[in-house]
Amino acid sequence: AQSVTQPDIHITVSEGASLELRCNYSYGATPYLFWYVQSPGQGLQLLLKYFSGDTLVQGIKGFEAEFKRSQSSFNLRKPSVHWSDAAEYFCAVGAPMDSSYKLIFGSGTRLLVRP
Amino acid sequence: DAGITQSPRHKVTETGTPVTLRCHQTENHRYMYWYRQDPGHGLRLIHYSYGVKDTDKGEVSDGYSVSRSKTEDFLLTLESATSSQTSVYFCAISEGNLQGAEQYFGPGTRLTVT
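Cut-offs applied
Residues numbered from 1 in each chain as written. Chains lettered and ligands numbered in written order. Predicted model: local features only at pLDDT ≥ 70, side-chain atom pairs only at ≥ 80, totals over all residues. Heavy atoms only, no water. Phe/Tyr/Trp six-rings, centres within 6.5 Å; stacked < 30°, edge-to-face > 60°. Helix = DSSP H or I, 4+ residues; strand = E, 2+ residues; numbered from the N terminus. Buried < 20%, exposed > 50% of the residue type's maximum accessible area, 1.4 Å probe, protein only. Contact = heavy atoms within 4.5 Å. Buried area = accessible area lost by both parts, 1.4 Å probe. Salt bridge = Lys/Arg side-chain N within 4 Å of Asp/Glu carboxyl O. Polar contact = N/O pair within 3.5 Å; in protein donor to acceptor, adjacent residues only side chain to side chain. Pairing = 2+ DSSP bridges. Axes fitted to C-alpha atoms, helices over the stretch in contact; angles between N-to-C directions. Disulfide = S-S within 2.5 Å.

(A) Summary view of the packing of aromatic side chains. Within this structure, the stated rule accounts for 18 aromatic pairs over all chains. Aromatic pair Phe105 of chain A and Tyr35 of chain B: ring centres 5.9 Å apart, planes at 90 degrees, arrangement edge-to-face. Taken together, the residues Phe105 of chain A in strand 11 (residues 101-105) and Tyr35 of chain B in strand 4 (residues 31-38) connect one chain to another. A residue is classified by how much of its surface remains accessible, and Tyr35 of chain B, at 0% relative accessible area, is buried. With 6.2 Å between their ring centres and 45 degrees between their planes, Tyr48 of chain B and Tyr50 of chain B make a pair best called tilted. By relative accessible area, Tyr48 of chain B is classed as buried at 1%. Ring pairing ties together the aromatic residues Phe34, Tyr36, Phe90, Tyr101 and Phe105 of chain A together with Tyr33, Tyr35, Tyr48, Tyr50 and Phe105 of chain B, which thus form one cluster.

Below is the structure:
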C-alpha cells in the first residue's frame, strides 16, 4: 500500500542554522512527490514537487529536496532557517484513482525556530 | 494564490444536525477535492469531483456526501454530524488528473461537533 512517513513530529532549530526534514515513502512505481507548508490557521502551500529528471529539486522560499530512490526518501532542506519558516511541513505522494489522483500525506513535522 | 474560498471558516454544530460546507473556485479547474485534517493523520481524502455532476469517494467517505452542480462550487455535506467528524476540512483544486499535477488548497473550515 502507498504510504508516507515523516519520522519527526517536532524539530527545533536555531535561526540561521541549516534544516533537514525527513520523508520516506512506500510506492510501487515512479513516485510523484510533493512538499507542502502550512502556517498556523492557514491552508497548505506547495513548496516543491518531483516527478522526473534531476533528483535535486528547487522550490520556493529557498527550500530544496533530494529524491533518493534507493532509500525511498525525499528529504527537504534549507541552508539557513528564518524565523518565518516556523510552520508545519507535509510530505505527500500522488497516487492514482479511477478518475483522478489523490495526495497521500505524511503526518507532518512541526518546525520551531529559536531566536 | 489560487482563487479558492471556503465557507464558513468556522462552525460549531450539535450531534445529529446536517452541515454543509462550501468550496468556491475562480480558476475554472476541472478537479476538486475535499480532505480532512486530523492530528497525527495529515490530510485524508473524503470525496473528489472530476467534472460537473461527476464525483467519487475517497478513503474516508462514510458519513459524507458531495455535490457539484457548477464548475466553481463543490459542496460537502455531513448528513448527521457526529463528534468524530470534528476536524479541519480543506478543499483543493487541480487542472489535471495526473499524479504530477499540482493541487491548490483553500484556507480550510474548522468544524466542531458537540
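Here the narrative resumes.
(B) Structural context of the interface of chain A and chain B. Every contact between the two is made by 25 residues of chain A and, on the other side, 27 residues of chain B. When chain A packs against chain B, the two sides together hide about 2000 Å² of surface, and 54% of this comes from carbon and sulfur. Between Lys102 of chain A and Glu59 of chain B there is a salt bridge, with its nearest N and O atoms 3.8 Å apart. For the pair chain A and chain B, the interface holds seven residue pairs in polar contact (both at pLDDT 80 or more).

(C) A look at the environment of Tyr36 of chain A. Take Tyr36 of chain A: it is sitting in strand 5 (residues 33-38). Overall, Tyr36 of chain A belongs to the buried group, its relative accessible area being 0%. Between the alpha carbons of Tyr36 of chain A and Ser72 of chain A there is a distance of 18 Å; along the sequence they are 36 residues apart. Aside from chain neighbours lying at most four places away, what touches Tyr36 of chain A is Leu44, Gln45, Leu46, Leu47, Glu88, Tyr89, Phe90, Leu103 and Phe105 of chain A together with Gln103 and Phe105 of chain B. Polar contacts involving the side chain of Tyr36 of chain A include one to the main-chain carbonyl oxygen of Gln103 of chain B, which spans 2.8 Å.

(D) Inspection of the sheet that holds strand 3 (residues 19-25) of chain B at higher detail. All names here are of chain B. Spatial strand order, 1-3-8-7: four strands in an open sheet with antiparallel pairing. Two strands lie at the open edges of the sheet, namely strand 1 (4-7) and strand 7 (64-70), each paired on one side alone. Neighbour to neighbour, the strand axes of the sheet diverge by 20 degrees on average, direction disregarded.

(E) Expanded view of the side chain of Thr109 of chain A. Residues and elements named next belong to chain A. With respect to the helices, strands and loops of the structure, Thr109 is situated in strand 12 (residues 109-114). For Thr109, a relative accessible area of 1% translates into the label buried. In terms of polar contacts, Thr109 uses its side chain to reach the backbone carbonyl oxygen of Asp8, at 2.6 Å. Not counting residues within four places of it along the chain, the set of residues in contact with Thr109 comprises Gln6, Asp8, Ile9, Ile11, Leu21, Ala87, Glu88 and Tyr89.

(F) Structural view of the pairing of strand 6 (residues 54-57) of chain B. All names here are of chain B. For strand 5 (residues 42-51) and strand 6, the ladder comprises four bridges, and the chain directions are antiparallel. Following the sheet pairing, Gly51 is matched in strand 6 by Asp54. The turn linking strand 5 back onto strand 6 is made up of two residues, and Lys53 within it adopts a positive phi angle of 65 degrees.

(G) Structural view of the state of the cysteines. All names here are of chain B. Under the criterion given, the structure shown has two disulfides over all chains. Here Cys23 connects covalently by a disulfide to Cys91, the sulfurs 1.9 Å from one another. Taking the sign of the S-S torsion, about -70 degrees here, the bridge from Cys23 to Cys91 comes out left-handed. Placement of Cys23 in strand 3 and of Cys91 in strand 9 (residues 87-94) is noted, with a sequence separation of 68 residues between them. In this structure Cys23 comes out as buried when scored by relative accessible area, which is 0%. Overall, the relative accessible area of 0% leaves Cys91 in the buried class.

Fair warning: the whole summary comes from geometry, so function is off the table for now.
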